[in-house]
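This is what each chain is made of:
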Amino acid sequence: MNANDKCILIAERIAKILLKGIHLNSAVMHYIDSTFSNPSIDELKEIIADNSDCENDSLIELIFFPDESIQMQLENILQSHDYSRKDEKKILDYLCFRQIEAAIHFPDNKGKLTLVMPQSVAGQFLNRLNLSKKLDKRILATIDEHVSEKSKTLVKVRLRNSTCELSGNELLFLCDFFKKTDSSSYDFFECLDFMLSFLDEAKNAVDIFAALMDKKRFYFKNVQMAEKFNSQLDKANMETMILQGVRTPHINIENEKRKMEIIDKISLSVFGRTEYFEKVL
């Protein structure tokens, strides 16, 4: 397939998805309702048509934000064809020429409205699809072999959206994760998201197990600090502690403990071991 044909192929697929409709999620609806005081669909049409409204651009961009459900419908095409930044320009030109009318569906059967995707928003829409990002063939092969059919496309989308640039050592670790972790478990994607964020932060870590334990130790110290503060707070009021120079730790203990649990699950799954730390009284 030549360059023009593959660009038309993905552009037509995007057009088909938009024509079928974008389903607004709760986060988008919360923004609309809180920003525009719970507008009806007719009122929202007027808001979108009002170019003088400073919130208009943000609203339209949010409506046309490609979520994972849209990306999952494109992933097979992206794996089958090699797209470049130059191709993205051709795809954008094609979509703008078509002036596609997208059906915008509101939750709870509240109705829908039809909206032409503006050229300015089309560029952002394509950019967020990460069409030209190349996923490592070893990772893809491991996902296809070891990740459940239900989860594998979403896993690839999460990898495509990740800002993490994987080195050889990190690629091997990620392959081991997909081989050894049950992708049907309730917290599989929670572990995957944590790991991608961790790998992005711990760039080119030579010893990934040691880096994970360092991160766990960091969370462990945070929990100790917060628990110590809470214990002090039981014995003295906040004003007294501030006068004594005690700083308030802005730490969610349950969140930190959950991250430690995730690290344990990943470490036990991939390496067969983890480390436990003793509280310092």
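Heads up: the structure comes first, above all this text.
Colleague: Any chance you could explain the overall build of the protein chain here in plain terms?
Modeller: Helix and strand counts for the protein chain stand at 15 helices and three strands. A compact globule built from 281 residues should have a C-alpha radius of gyration of about 19 Å, whereas the protein chain, at 24 Å, is more than 25% larger. Projected onto its principal axes, the C-alpha positions of the protein chain cover 65 × 50 × 30 Å. Split into buried and exposed, the 281 residues of the protein chain put 43% on the buried side. A sequence separation of at least 24 residues applies to 74% of the contacts in the protein chain between residues at least 6 apart.

Colleague: Before we go on, may I ask you to explain the side chain of S185 in this structure?
Modeller: Following the sequence through the fold, S185 ends up in the loop between α11 (168–180) and α12 (188–201). On the accessibility criterion, S185 (19% relative accessible area) is buried. Only 2.8 Å separates the side chain of S185 from the backbone oxygen of D182, close enough to count as a polar contact.

Colleague: I keep staring at the packing of α11 against α12 and nothing clicks. Help me out?
Modeller: Helices that pack against each other are described as a pair by the angle of their axes relative to one another and the distance between those axes. One way to put it is that α11 packs onto α12 with a least axis distance of 12 Å and a crossing angle of 175°. One finds that α11 runs roughly antiparallel with respect to α12. Contacts from E170, F173, L174, F177 and F178 in α11 reach F188, C191, L192, M195, L196 and L199 in α12.

Colleague: What should I look at first to understand the packing of aromatic side chains in this one?
Modeller: Here the distance between the centres and the angle between the planes together describe a pair of aromatic rings. Applying the stated criterion across every chain yields a total of 11 aromatic pairs. Plain terms: the ring middles of F173 and F271 are 5.7 Å apart, the flat faces sit at 15° to each other, and that makes the pair stacked. Here F271 lies in the segment after α15 (253–270) and F173 lies in helix α11, a separation of 98 residues in the sequence. Its relative accessible area of 4% is what places F173 among the buried residues. Of the residues examined, F271 reaches a relative accessible area of 31% and is grouped as partly exposed. Aromatic side chains F194 and Y219 sit 6.5 Å apart centroid to centroid with 55° between the ring planes, which places their arrangement in the tilted category. With a gap of 25 residues between them, F194 in helix α12 and Y219 in helix α13 (residues 208–235) connect regions that are remote in the sequence. Side by side, F194 and Y219 carry an identical accessibility label, which is buried. Linked through ring pairs, F177, F178, F188 and F189 together constitute an aromatic cluster.

Colleague: What is the right way to read the sheet that holds strand β2 (residues 101–106) from this model?
Modeller: Pairing between the strands of a sheet comes from backbone hydrogen bonds, and it takes one of two forms, parallel or antiparallel. Across the sheet, which stays open at both edges, the three strands sit in the order β1-β2-β3 with mixed pairing between neighbours. The open sheet terminates on both sides in strands that have one partner only, identified here as β1 (22–23) and β3 (111–116). Pairing geometry for β2 and β3, over six bridges, is antiparallel. Bridging from a neighbouring strand, H105 pairs with K112 of β3. Across the sheet, helix α1 (residues 3–20) lies against β1 and β2, angled at about 45° from β2, the strand it touches most.

Colleague: How do you make sense of α15 when you look at a structure like this?
Modeller: Because the α-helix completes a turn every 3.6 residues, residues three or four places apart line up on one side. For α15, which comprises 18 residues, the first-to-last C-alpha distance of 26 Å matches the rise-based estimate of 26 Å (1.5 Å per residue) to within 8%. Considered for burial, the residues of α15 that qualify are I253, E256, M260, I262, I263, D264, I266, S267 and V270. Near the N-terminus of α15, the side chain that reaches the backbone nitrogen of E254, with its oxygen 3.1 Å away, is that of N252. Backbone geometry just after α15 places G272 at a positive phi near 75°.

Colleague: Mind showing me how you'd approach the pairing of β2 here?
Modeller: The two faces of the sheet receive side chains in turn, since in a regular strand these alternate between them. For β2, the buried fraction is high: five of the six residues fall into the buried class. Taken together, the two bridges between β1 and β2 define a ladder with parallel strand orientation. Its bridge partner being in β2, I22 is matched across the sheet by I104. The turn joining β2 and β3, which pair antiparallel and follow one another in sequence, is formed by four residues; a positive phi near 60° is taken by D108.

Colleague: What should I look at first to understand the pattern of salt bridges in this one?
Modeller: Pairing is possible between side chains of opposite charge, provided their charged atoms come close. Enumeration according to the criterion identifies 22 salt bridges in this entry. D264 serves as the salt-bridge partner of K216, at 2.7 Å between the closest nitrogen and oxygen. Taken together, the residues span a long stretch of sequence, with K216 in helix α13 and D264 in helix α15 at a distance of 48 residues. D264 shares its class with K216; the two are buried.

Parameters and conventions
Each residue is numbered by its place in its chain's sequence as written, counting from 1. Totals for whole chains, interfaces and linings use every residue, but because this is a predicted model, local features are given only for residues with pLDDT of at least 70 and side-chain atom pairs only at 80 or more, for both listing and counting. Where side-chain values are given, they derive from all heavy atoms of the structure, hydrogens and water being excluded. Put simply, DSSP marks the helices as runs of H or I at least four residues long and the strands as runs of E at least two long, and each gets a number from the N terminus on. In this description the radius of gyration comes from C-alpha coordinates, and the expected globular size is given by 2.2 Å times residues to the power 0.38. Buried, partly exposed and exposed residues are distinguished by accessible area as a fraction of the type maximum, computed with a 1.4 Å probe on protein chains only: under 20%, between the cut-offs, and over 50%, respectively. Whether two residues are in contact is decided by their heavy atoms, any of which lying within 4.5 Å being enough. Under the rule applied, a polar contact is a pair of N or O atoms within 3.5 Å (in protein, one hydrogen donor and one hydrogen acceptor; residues adjacent in sequence only if both atoms are side-chain atoms). Comment: axis = line fitted to C-alpha atoms, over the contacting stretch for helices; angle = value between 0 and 180 degrees taken between N-to-C directions. Small angles under 35 degrees read as roughly parallel and large ones over 145 as roughly antiparallel, with 65 to 115 read as roughly perpendicular and the rest as oblique. Working definition: rings of Phe, Tyr and Trp (its six-membered ring) pair if their centres are within 6.5 Å, and the pair is stacked with planes under 30 degrees apart, edge-to-face with planes over 60 apart, and tilted otherwise. One bridge is not enough; two strands pair if DSSP finds at least two bridges between them. Take the residue count of a helix, subtract one, and multiply by 1.5 Å to get its expected span. We define a salt bridge as a contact between a side-chain nitrogen of Lys or Arg and a carboxyl oxygen of Asp or Glu at a distance within 4 Å.

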